[in-house]
Amino acid sequence: MTPLRIAVPAAFPCPRLSPLFLACTALMAGPALAQGVPAAAPTQVAQAGNASALREVVVSGARSERTLDEVPAAIDVLTGEDLDPARVQNIRDLVQELPNVSVKRAPVRFGGVTGNVGRDGNAGFNIRGLEGNRVLLTIDGIRVPRELSSGVFGPAAFGRDYYDLGLISRVEILRGANSALYGSDGLAGMVAMFTTEPKDLLKPGQTLGGRASLSLDGQDDTRRIGVTLAGVASERLQWLGSVQAGRSEALDNQGGNFALNSNRTAPNPQKDDQVSAMGKLVFTPGGGQRHVFTAEHVDKSSEVEAYTGRAPVVSAPTHVGDLDGRSDMVRSRVSWDGRFPVILAWADELRAMVGYQASESRETTHEFRPLQPAATQNRVRDVTYNERILQAVLQAEKLRPLGGAWSQKLVYGVDLSRSSLDNLVTGVNGPSYESYPLQRFPETVETTTALFVQSEYASKRWSVIPALRYDRVALDARTSPLYPLQPASLSNGALTPKLGVIWRGSEHWSLFGNLAAGFKSPSPLQLNNYFQNPFGNYETIPNPNLRPEKSRTLELGTRGRAGGLDWEAVAFTGRYKDFIEDLVTVQTVPRLQFQSVNRQSVTLRGFELKGSARLSARTTLRAAYGQTTGTDTARGVPLNSVNPAKLVLGVDHRLGDWSLGASLAHSAKKSASDNDTTGAANQFATPAWTTLDLRASWQVTRATRLSAAIHNLTDRRYWEWTNVRGIAASSPVLDSYTAPGRSVSVALVTDF
């Protein structure tokens, strides 16, 4: 069969040029208009707009290194003590104190052939009410595999926790659409992680060094150990090798029913294993060149004894006497990142990056039905999801004076990627209406070709930063005997502009704003999702007419510091057109049909406040608050992916070799007016909650640090909204979804 190819209109077609696009185009013409302007001295150019050389340097905000003050957007930078293993064991811990950011982690409760609750683990990031594949995730610039979660895979669901934080040295969380720089999947924001390099461990003059760590966490009985070695092979070559290993059990909750059936509210018994390794070479041949070669491998596995899948009473041949699940997640990556200083009219530096990444996630469910005939008592469903990506970037940077104390920094290039996405469902004694093996969507090759340009104009007071990107995305679905329908392919283009502005009131504070367009292409699963149960009289059908999601967002903020006070305040609003919602009921007779559909419009708005005050040389107070509201404007209902408002207050105090701290987190309740009950009329609305964490760190020697933390000191019983969406208030197992109670974590880290 020849694939059915459907052309989708561009997200921002040229005949309807927006004011934002016109503004960016006009500003891009700046170099031509400035040819007759006398040039400033090179030293003036280097200093223009650089008010704070001591501020944190970020990469994700502009595709090039710059201080945080020089980015017209809200970015959280986590490094050093923010990644202390006594406080942060996984991506869920990573964002506990960040406003308007969360990670979903539901309990592992699944049935033999239906339900996927919790099997996606730490599923992924939610930024300002948007989640899943709408958040762009990268490691050293390489995109992390996508989330795959749908009822058509039965008890299988694949999240995006392909990380080992033991290999990570810095995390940048960029809020808001960034399609103008990074293309599709960045509709909500971006989480960029960067792995450890030799320079992070080697002290001046040192030729061999490293770090060893040991950590324990009572929330899920984690035991982790890690060793990283770094060395200098020659003046031009440095190397690094790292191995991380860990074991854990089920994430704790405050359920008190330990029954060996579906009445159980305590966690199911679970055993998790994780092994990761990374090797890195940094080659500096001279002339400012720098080449980084990286090989990374992350391997995670989990085994669950699913007592909650057993019926309390033996009453039918379908009675489940035993249910087990196993999950495996593997990601392997090799990449090269090269930088070449040049002296050319059109570039000062060239950067080339090439990476290949292969991932495989597999979830197996074993079900035993004792009342069935011997030949059909054992039932197995085995689901595999594979994703391979080849990604390449060629980028140029040019800095030059324009005269009158103004300078221009130009960043432009080409971004190419080719991803292959595949799935397979097989097993033993499957449902009578299915024949294994099969595919829920056909193998699909996604090819993206993009051109991008950002031109920054900076003076002592102002930075004006227009950016423009054009993406061409093609989804080529391959015919397969395992997929019974004629697959649909898709091709679409998107022109996404962005305009950022910074005004510096002084060297201590500034105002900033950005107006951005974003887009996201439909996924292969949304395009060709297919499942049919004729006996149950329902099915999930493809939607070859899906349109890309599009957004326009506005963000205004201020940041600065005065004396011992640092602050950042941001307000944002966004409108999202053709928003894609999965598994929507589109027909009830003669057969119930579900489909991914475009919603007409969704709006999100809110604000964030962050700050710290140094009361003395030893004591610092911290505060962060975030609030978002979301509405499906076409239907007039709230957007349930939005979390309640959250406030975090903290204090840190240093006393000699000791560092002490406390954090108080308060979440508002989920009000009825902010709860869409269309799909669950009796949806549980989480009450407000407050928790208190304590921590301490002791610098045993100059190289060794012992740290500990007590989480939820008051043993508060509470629910996080992101984990209970879709759960009824009348559910007899509501306690299954409670967060962990009081727990202790400890970490010992030594550098050598």
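Residues numbered from 1 in each chain as written. Predicted model: local features only at pLDDT ≥ 70, side-chain atom pairs only at ≥ 80, totals over all residues. Heavy atoms only, no water.

Colleague: Could you give an account of the nonpolar core, with specific residues and numbers?
Modeller: With 33 residues, the main nonpolar core has L94, F125, V171, V191 and M193 as its most contacted residues. Going through the elements one at a time, α4 (91-94), β5 (101-103), β6 (125-127), β7 (135-139), β11 (168-175), β12 (189-195), β29 (565-587) and β30 (592-614) are the ones with two or more residues in this core. The next biggest cluster of nonpolar side chains, apart from the first, holds 16 residues, and it includes V58, L68, L174 and Y182. (Core = buried A, V, L, I, M, F, W, Y, C linked by side-chain atoms within 4.5 Å. Buried < 20%, exposed > 50% of the residue type's maximum accessible area, 1.4 Å probe, protein only. Helix = DSSP H or I, 4+ residues; strand = E, 2+ residues; numbered from the N terminus.)

Colleague: Before we move on, can you summarise a nonpolar patch on the surface with the specific residues and values?
Modeller: A contiguous nonpolar surface patch, about 980 Å² in accessible area, is contributed by L214, L216, I225, L655, W658, L660, W698, V700, L706, V744, V746 and L748. Elements represented by at least two residues in the nonpolar patch include exactly β13 (208-217), β34 (658-667) and β37 (743-751). At three residues, the largest contribution of residues to the nonpolar patch is made by β37. Relative to the elements of secondary structure, L655 occurs in strand β33 (residues 646-655). (Patch = residues over 30% accessible without salt bridge, like charges linked within 9 Å, V, L, I, M, F, W, Y side chains within 5 Å. Areas by Shrake-Rupley, 256 points an atom, 1.4 Å probe, with all protein chains shown as cover. Salt bridge = Lys/Arg side-chain N within 4 Å of Asp/Glu carboxyl O.)

Colleague: Any chance you could break down the side chain of R92 for me, citing the residues and the numbers?
Modeller: Within the element layout of this structure, R92 appears in helix α4. You can call R92 buried: its relative accessible area is 6%. Residue contacts for R92: discarding those within four places in its chain leaves V103, R105, N122, Q219, L251, E720 and P740. (Contact = heavy atoms within 4.5 Å.)

Colleague: Kindly report on the confidence of the model for the protein chain, identifying the contributing residues and their values.
Modeller: On average, residues of the protein chain score 90 in pLDDT, and 92% of them reach the 70 mark or higher. Counting interchain partners and residues more than four positions distant, the pLDDT-below-50 stretch residues 1-16 has 39 contacts. (pLDDT = per-residue confidence, 0-100.)

Colleague: Residues and numbers for the sheet that holds strand β4 (residues 75-79), please.
Modeller: Spatial strand order, β4-β11-β12-β7-β8: five strands in an open sheet with mixed pairing. Two strands lie at the open edges of the sheet, namely β4 and β8 (142-143), each paired on one side alone. Where β7 meets β8, two bridges bridge the pair, whose relative direction is antiparallel. When the bridges of β8 are listed, I139 appears paired with I142. (Pairing = 2+ DSSP bridges.)

Colleague: Any details on unusual backbone geometry? Residues and values, ideally.
Modeller: The linkage connecting Y436 with the following residue, P437, adopts the cis geometry, with an omega of -5°. Put simply, V589 and P590 share a cis peptide bond, and its omega is -5°. With respect to the helices, strands and loops of the structure, P590 is situated in the loop between β29 and β30. The phi dihedral of D578 is positive, around 55°, even though this residue is not glycine. Here D578 falls in the buried class, since its relative accessible area comes to 10%. Even without being a glycine, D715 presents a positive backbone phi close to 55°. Topologically, D715 is positioned in the loop between β36 (704-711) and α7 (721-724).

Colleague: Pulling in residues and values, what's your account of the pairing of strand β20 (residues 378-403)?
Modeller: Here strand β19 (residues 347-368) runs beside β20; their pairing, made up of 20 bridges, is antiparallel. Bridge pairing in β20 places S359 opposite E387. Direction of pairing for β20 relative to strand β21 (residues 406-428): antiparallel, over a ladder of 23 bridges. Bridge pairing links A392 to L416 in β21. Counted along the chain from β20 to the antiparallel partner β21, the turn is two residues long, and its residue G404 has a positive phi close to 65°.

Colleague: An account of the packing of aromatic side chains is needed here, citing residue identities and associated values.
Modeller: The full count for this structure, using the stated rule, is 12 aromatic pairs. Taken together, a centroid distance of 6.1 Å and an interplanar angle of 85° make the contact between Y433 and F531 edge-to-face. Placement of Y433 in the loop between β21 and β22 (444-458) and of F531 in strand β26 (residues 531-533) is noted, with a sequence separation of 98 residues between them. Residue class for Y433 comes out partly exposed when judged on its relative accessible area of 26%. Members of the aromatic cluster, connected to one another through ring pairs, are Y433, F531, F535 and Y538. The cationic tip of R119 hangs over the ring face of F110; the distance from NZ or CZ to the ring centre is 4.4 Å. Over the ring of F579 we find R134; its NZ or CZ atom is 3.9 Å from the centre of that ring. (Phe/Tyr/Trp six-rings, centres within 6.5 Å; stacked < 30°, edge-to-face > 60°. Lys NZ or Arg CZ within 6 Å of the ring centre and 35° of its normal.)

Colleague: Give a detailed account of the environment of I168, specifying residues and quantitative values.
Modeller: Considering the arrangement of structural elements, one finds I168 in strand β11. Spatially, the C-alpha atom of I168 lies 5.7 Å from that of F194, the residues being 26 residues apart in sequence. Excluding its chain neighbours within four sequence positions, the residues that come into contact with I168 are L83, M193, F194, T195 and T196.

Colleague: Give me the lowdown on the environment of A188, citing residues and values where you can.
Modeller: Looking at where A188 falls in the secondary structure, it is placed in the loop between α5 (179-182) and β12. Separated by 58 residues in sequence, A188 and L130 have C-alpha atoms that sit 5.6 Å apart. The residues contacting A188, other than those within four sequence positions of it, are I127, L130, R134, V135, R175, G176 and A177.

Colleague: Can you explain the pairing of strand β25 (residues 509-520)? Please cite residues and give values.
Modeller: Counting buried positions along β25 gives nine out of 12 residues, so the element sits mostly inside the fold. Bridging between strand β24 (residues 488-506) and β25 involves eight bridges; their strand directions are antiparallel. Within β25, the residue paired with S506 across the bridge is W509. In terms of strand pairing, β25 meets strand β28 (residues 549-562) through 12 bridges, oriented antiparallel. The partner of A516 across the bridge, within β28, is T553.

Colleague: So what's going on with the pattern of salt bridges? Residues and values would help.
Modeller: Per the stated rule, a full pass over the model turns up 56 salt bridges. Here E456 and R66 are joined by a salt bridge, their closest N and O atoms 2.4 Å apart. One end of the pair, E456, is in strand β22; the other, R66, is in strand β3 (residues 66-67), and 390 residues separate them in sequence. Neither E456 nor R66 differs from the other in exposure class; each is buried. Across the pair E97 and R622 runs a salt bridge, and its minimum N-O distance is 3.3 Å. Of the two residues, E97 sits in the loop between α4 and β5 while R622 sits in strand β31 (residues 619-632), which places them 525 residues apart along the sequence. On the accessibility criterion, E97 (24% relative accessible area) is partly exposed.

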